[in-house]
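Examining the three-dimensional arrangement
Residue strings, one per chain:
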Amino acid sequence: VVDVFTAAGCYVSSDSMVISLIDVPALFAMPEDTVCLNDTLLLTATATTNYFWYPESELVNPAQGDADAIISQSGWFYVAGLPGELCPPSDSVYIFAFDLPVLNASTNDTILCGGDTIHLFSSGVNSYLWSPPSFVFDPDSANTDAITMYSGYFIVTGIDTNQCMN
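The following refers to the structure shown. (Residues numbered from 1 in each chain as written. Predicted model: local features only at pLDDT ≥ 70, side-chain atom pairs only at ≥ 80, totals over all residues. Heavy atoms only, no water.)

**Overview of the sheet that holds strand β10 (residues 104-107)**
Where we set the bar: DSSP-based pairing: two strands are paired if at least 2 bridges between them are found. Secondary structure elements follow DSSP: runs of H or I no shorter than four residues count as helices, runs of E no shorter than two count as strands, and numbering proceeds from the N terminus. Helix axes use the C-alpha atoms of the stretch in contact, all axes being lines fitted to C-alpha atoms, and the angles between their N-to-C directions lie in the range 0 to 180 degrees.
The strand order β10-β11-β13 describes an open sheet built from three strands, whose pairing is antiparallel. A single partner strand is all that each edge strand has here, and the edge strands are β10 and β13 (144-147). Taken pair by pair, the neighbouring strands of this sheet meet at an average axis angle of 30°, ignoring direction. Bridging between β10 and strand β11 (residues 117-123) involves four bridges; their strand directions are antiparallel. Pairing of Ala105 across the sheet is with Ser122, part of β11.

**Topic: the packing of aromatic side chains**
This is how the line gets drawn: Aromatic rings from Phe, Tyr and Trp, with only the six-membered ring used for Trp, were paired whenever their centres fell within 6.5 Å, and each pair was classed as stacked if the ring planes differed by under 30 degrees, edge-to-face if by over 60, and tilted otherwise. For each residue, the accessible area found with a 1.4 Å probe, counting protein chains only, is set against the maximum for its type, and the residue is called buried under 20%, exposed over 50%, and partly exposed in between.
Summed over all chains, the structure comprises six aromatic pairs. For the pair Trp76 and Tyr94, a centre-to-centre distance of 5.2 Å together with 70° between the ring planes defines the contact as edge-to-face. Of this pair, Trp76 sits in strand β8 (residues 75-81) while Tyr94 sits in strand β9 (residues 90-98); the two residues are 18 residues apart in sequence, bridging distant segments of the chain. By relative accessible area, which is 43% here, Trp76 ends up partly exposed.

**Details of a nonpolar patch on the surface**
Quick reminder of the rule: Every patch collects residues that have over 30% relative accessible area and no salt bridge, joining them within 9 Å if they carry like charges and within 5 Å if they are nonpolar side chains (Val, Leu, Ile, Met, Phe, Trp, Tyr). In this description, accessible areas are obtained by the Shrake-Rupley approach with a 1.4 Å probe, and a residue is regarded as covered only by the protein chains that are shown. Salt bridges, as used here, are contacts in which a Lys or Arg side-chain nitrogen is within 4 Å of a carboxyl oxygen on Asp or Glu.
A cluster of nonpolar side chains, namely Tyr54, Trp76, Tyr78, Tyr94 and Phe96, defines an oily patch on the protein surface of about 470 Å² accessible area. For the nonpolar patch, the secondary-structure elements that each account for two or more residues are β8 and β9. Judged by its relative accessible area of 32%, Tyr94 is partly exposed.

**Here's the deal with the sheet that holds strand β7 (residues 67-70)**
Pairing in this open sheet of three strands is antiparallel, and the strands run β3-β5-β7 from one edge to the other. Each edge of the open sheet carries a strand with a single partner, namely β3 (27-30) and β7. Across the sheet, the mean angle from the axis of one strand to that of its neighbour is 25°, orientation sign disregarded. Sheet topology places β3 next to strand β5 (residues 40-47); four bridges connect them, and they run antiparallel. For Met30, the partnering residue across the bridge sits in β5 and is Thr44.

Right, dumping it as structure tokens:
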């Protein structure tokens, strides 16, 4: 109700209106999580309405209800009811992304004959896995020996305290 008075305080008129509140449908985003950079995370929502996730640039399937997100940096993901709905709901989740570990691998040997033993060195993480494991004496060790059977690569994968792999 609005009442109108003159500057001297005399009543002039009044008016009123009815305001109707519409319940906003429920929409809850999940999970708030911590992942490693470049991991894929399934973003889900519980809702009584159709919804979509954004920013689309981080999503594998943004038009679907639940979305796989490739986490390229820490940040917010938003979920909202479809445009044009009366009182579209919305929610958000913050995803923290750990940096990938820095892993160093090297050897002192570069020219070998087939069947020779090569010493492999690595550092920078908490656990290691060398491959191909069938040619490596201790594939779970930071530093190990391996048998060279042909030209190629020995690859080491490292896992840090956050369980991030590089």
